[in-house]
Amino acid sequence: MDNLTSASVIKLIENYPESSRHEGRLISFFSFKGGVGKSVFASNLALELAQTFPKQKIALVDFNLYNPDIATMLKIDIQKGKVIKNYFCEKNKPLSHVTHSYPNIDNIDLFLSDYDLLWLEVVTEEMVTQFISELKVHYDYIVIDTHPALDFITTFIAMKLSDRLVCVTTPDIPSLRNTDQERMKYLRALGINAEICMILTRYNVTPHINISMVKQETGVENVICIHEKPALIMDSINKGEPLVLGKTKDASVKKIRGELQKLISFIADIDINAIKQRLND
């Protein structure tokens, strides 16, 4: 645990009523196009949650079924018969039989996917709903990395059942047009009603897009900006070493973790900065 979330802060967080929820909170990461950093920040957010709430159980679910990259990004060797499709295709398969653990972090489980999509032909809305319902019984926070298309039943149901949504995009006009207010209204028309936070990745690469423009274009008020070094992100992915685990001393990583702490405040309805301030008073 680093000084971003001290033991004293954790103790105060655990005493908040929200920390004793009887049903897990579901957070779905989505985007309207690929390559924006959705899987990277879904993985890092899940691990940051696990470190922020060490007594709570976290699930990270790879529903990005065309490009299931979480196992690669976290350097996890997938065990035969222990991917999400086995839960759906093998009758009465318990959740515990399709999970992978993460080294040295005991309170997070990984639900991984491979590139076999044939099982989706037998999956129904009821089956996906049952899977998510079971996750909510067994975990305090469930982070789902969805496929960037609503025509996947797994994406649609996950977003519809979410308590919070995280939309990931980049600071370029085509990407912002893909996440404009009309798209957001379309989500509401489909019954996807959870509050949305926007993650704007690569925010430091152009001076032509600012937060005000993003809020105006998307209609989303909660916007988190990630000032990143592309080479650092790529190195993290290729080595399978998530940024939040602190294996690099680069100052930009501390800033990214600070932004993820803001996202956790949004997800958990806990003002972590206010808690820290109380400790200093």
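This one's a predicted model, so the numbers in the text were calculated from it and none came from an experiment.

1. Considerations on the overall build of the protein chain
- The secondary structure content of the protein chain amounts to 12 helices and eight strands.
- The proportion of buried residues among the 281 residues of the protein chain is 54%.
- The contacts in the protein chain between residues at least 6 apart in sequence include a share of 78% that link residues at least 24 apart.
- Carbon and sulfur atoms make up 49% of the accessible area of the protein chain, which amounts to about 13100 Å² in all.

2. Thoughts on the confidence of the model for the protein chain
- Summing up the model confidence of the protein chain, the mean pLDDT is 85 and the portion of residues at 70 or higher is 86%.
- Every residue in residues 1–10 scores below 50 in pLDDT, and together they form 18 contacts with partners more than four places removed in sequence or on other chains.
- With pLDDT under 50 throughout, residues 16–20 is counted as low confidence; its partners more than four residues away or in other chains account for nine contacts.

3. Observations concerning the side chain of Asp62
- Along the polypeptide, Asp62 turns up in strand 2 (residues 58–63).
- One buried charged residue, Asp62, remains without a salt bridge, the closest side chain of opposite sign being Lys38 at 6.9 Å.
- Once residues lying within four places of it in the same chain are set aside, the contact partners of Asp62 are Pro68, Asp69, Ile70, Ile84, Phe111, Leu112, Ser113 and Asp145.

4. As for the sheet that holds strand 8 (residues 222–225)
- Across the sheet, eight strands lie side by side as 3-4-2-5-1-6-7-8; this open sheet has mixed pairing. This sheet does not close on itself; its edge strands, each paired only once, are strand 3 (100–102) and strand 8. For this sheet, the mean inter-axis angle between neighbouring strands, taken without regard to orientation, is 25°.
- Inspection of the sheet shows strand 3 paired to strand 4 (residues 105–111) by three bridges, in the antiparallel sense. Its bridge partner being in strand 4, His100 is matched across the sheet by Leu110.
- In this fold helix 5 (residues 125–138) packs onto strand 1 (25–30), strand 2, strand 4 and strand 5 (141–146), with an angle of close to 160° to the strand it touches most, strand 2.
- Packed on one face of the sheet, helix 6 (residues 153–160) meets strand 1, strand 2, strand 5 and strand 6 (164–169) and runs near 130° to strand 1.

5. What to know about the nonpolar core
- Among the nonpolar cores identified, the biggest contains 45 residues, and Phe29, Phe41, Leu45, Ile108, Val143 and Leu263 are the most heavily contacted of them.
- Residues in contact with Ile108, not counting those within four places in the same chain, are Ala46, Leu47, Ala50, Ile58, Ser101 and Tyr102.
- Membership of the second largest hydrophobic core comes to 44 residues, among which are Phe30, Val61, Phe131 and Leu165.

6. As for the pairing of strand 7 (residues 195–200)
- When you tally the buried positions in strand 7, you get five out of six residues, the bulk of the element.
- Bridging between strand 6 and strand 7 involves six bridges; their strand directions are parallel. By the bridge assignment, Thr169 is partnered in strand 7 with Leu200.
- With four bridges joining them, strand 7 and strand 8 adopt parallel strand pairing. Bridge pairing links Met198 to Val223 in strand 8.

Rules and cut-offs
Residues numbered from 1 in each chain as written. Predicted model: local features only at pLDDT ≥ 70, side-chain atom pairs only at ≥ 80, totals over all residues. Heavy atoms only, no water. Helix = DSSP H or I, 4+ residues; strand = E, 2+ residues; numbered from the N terminus. Buried < 20%, exposed > 50% of the residue type's maximum accessible area, 1.4 Å probe, protein only. Contact = heavy atoms within 4.5 Å. Areas by Shrake-Rupley, 256 points an atom, 1.4 Å probe, with all protein chains shown as cover. pLDDT = per-residue confidence, 0-100. Lys, Arg positive; Asp, Glu negative; His and termini not counted. Salt bridge = Lys/Arg side-chain N within 4 Å of Asp/Glu carboxyl O. Pairing = 2+ DSSP bridges. Axes fitted to C-alpha atoms, helices over the stretch in contact; angles between N-to-C directions. Core = buried A, V, L, I, M, F, W, Y, C linked by side-chain atoms within 4.5 Å.

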